[in-house]
Amino acid sequence: MIEFRPILYVLGIFLVTLAIAMAVPISFDLRSGSDDWQAFLFAMAITGFFGILLVLTNRSDNDNLHFKPKQAFILTSFAWVILAAFAALPFCASSLELSFTDAYFETISGLTTTGATVIADVESLPPGLLIWRSLLVWMGGVGIIVMALSVLPMLRVGGMQLFRTEFSERDKHLPKIRQMANSIIWVYLSLTFICLLGYHMGGMNWFDALNHAMTTLGTGGFSTFNTSFMDNTSNFAQWNATFFMVLASLPFALLARFVAGSWASLLKDSQVRGFILFVTAAMFVMSAYLVIIRDEPLITAMRMGMFNVASVISTTGYANADYNLWGPFALVMFFFLTCVGGCAGSSAGGLKFYRFQILASVAINQMRSLVHPNGVFVPHFNNKPLQNSVTFSVLSFFFVFALSFTIVALALAATGLDFITAMSASVTTLANVGPGLGVHIGPMGSFQPLPDTAIWICSGAMLLGRLEMFTLLVLLMPSFWRR
């Protein structure tokens, strides 16, 4: 029998934290004179009530909570679903008057740091709703990093057990997981502040800079401008965004070690080295394409090519140009970059770069075994041999992602979406990127034209992708609920 009291207790703590966070948009609305502070106060009261109720009714005398794997699976999945439902309340009760379908989509998009939106005119929103969208992305980014640090390695999801020893208590630089988590949060806060200063130096006012800083480090991409970075930002602000989008795609545990004095740990990591080389190559190819084929000036091509490559591969979803107009090569390249994603332990989505490295290592060893049938070849990652369980988990993850992509795309096509929109919406929501391809959901569009059924399918896809597939799918197995 699964013990639900610890699960409900932690959910209560999460809801109380969410209720406290609603004080931020309340203060912005009160300062601006917007009446939407009442919607946030209403949502704050409901969220806080249920949160306190769960804490008080499920509190234990034992302060040390130890979760078994089944409890961790349930908590991880239920937390995202339930928090999104309560965080959607302000969108429904505010002057925006979104339906619960659209409000839940907007909220789950923020918490999963996807950045897809159903709001076509964000510039008309009051400051409270704007800061709430950004705050959801920022908090979601922290939650994702902590989940990658503590939960997914324990659950052995998609090869994440590979990082269990990396986050263990034996680490000589940060000897305890709690200390490492605190260090990561401080690094996250510090980078957000530095990014904020960069945007302000680039010409943004403090409010716009704060919103963009939070959604850049959270790799969520919600902007306060209808056209993202296309018309309202300086070149300096775009270079600032490019730098921090790439930085937010790196493992925050290694960034914390870097700050703690382990200077070489970041560049010694094969995932980081491979990711930086891959991003650099993709930026070079896209910039060269814009110069040669699109006849763009070199500096302009570099700025646009590097910005949009960083945005897509980090799954942030900003845009400083409508790359739908760049031709078939750019669209195909962005489609595949959408799947890659950032590093494990970052706030970025996607399949994660280390899985492609493992897949490449397995493929190379397979070719070697064909040439030397009697040889023994073991795939490696970070100069360490891979266990069969890790390889099997990674291969299984690729299969489940491909199967999920196919099912979601077919389901979206069944709602009446065209081929490009259905395929693009499927991959961009599963990979938690945000904008897709095509007229409707492209970098200059939104998900607003999609029917409600398609909106719910996309909401489920965002959740499925952020929970690394297996964390959510395992709950559908009848054997999971048996003793």
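Please refer to the structure placed before this passage.
Residues numbered from 1 in each chain as written. Predicted model: local features only at pLDDT ≥ 70, side-chain atom pairs only at ≥ 80, totals over all residues. Heavy atoms only, no water.

### What about the pattern of salt bridges?
The cut-off we apply is this: Any carboxyl oxygen of Asp or Glu within 4 Å of a side-chain nitrogen of Lys or Arg constitutes a salt bridge here. Helix and strand assignments come from DSSP, with helices taken as H or I runs of at least 4 residues and strands as E runs of at least 2, each series counted from the N terminus. Only protein chains enter the accessibility calculation, which uses a 1.4 Å probe. A residue is then buried if its area is under 20% of the maximum for its type, exposed if over 50%, and partly exposed in between.
Enumeration according to the criterion identifies three salt bridges in this entry. Between Glu-106 and Arg-133 there is a salt bridge whose closest N-O contact spans 3.0 Å. Highlighted residues: Glu-106 in helix α6 (residues 100–111) and Arg-133 in helix α7 (residues 127–155), separated in sequence by 27 residues. Take Glu-106: its relative accessible area is 0%, and that puts it in the buried class. Given a relative accessible area of 2%, Arg-133 falls into the buried group. When the shortest N-O distance is used, the salt bridge between Lys-352 and Glu-468 registers 3.4 Å. With Lys-352 in the loop between α15 (328–340) and α16 (353–371) and Glu-468 in the loop between α19 (452–466) and α20 (470–473), this pair connects stretches of sequence that are 116 residues apart. A residue is classified by how much of its surface remains accessible, and Glu-468, at 5% relative accessible area, is buried. Each of Lys-352, Arg-355 and Glu-468 takes part in a single network of salt bridges with overlapping partners.

### Examining the environment of Phe-73
Summarising the element assignment, Phe-73 is placed in helix α4 (residues 69–87). Through-space distance from the C-alpha of Phe-73 to that of Leu-473 is 9.9 Å; in sequence the pair is 400 residues apart.

### Notes on helix α11 (residues 252–260)
Taken as a whole, α11 has its buried residues at Phe-252, Ala-253, Leu-254, Leu-255, Ala-256 and Arg-257. Of the residues flanking the end of α11, it is Gly-261, one or two places downstream, whose phi is positive at about 120 degrees.

### Brief notes about the side chain of Asp-36
This is how it is decided: Only four residue types enter the tally: Lys and Arg on the positive side, Asp and Glu on the negative side, with His and both chain ends excluded. Throughout, a residue-residue contact means that at least one pair of heavy atoms, one from each residue, lies within 4.5 Å.
Position of Asp-36 among the secondary structure elements: in the loop between α2 (23–32) and α3 (37–57). Lacking a salt bridge, the buried Asp-36 has Arg-133 as its closest oppositely charged neighbour, with an N-O distance of 12 Å. Once residues lying within four places of it in the same chain are set aside, the contact partners of Asp-36 are Asp-29, Ser-94, Ser-95, Pro-126 and Leu-129.

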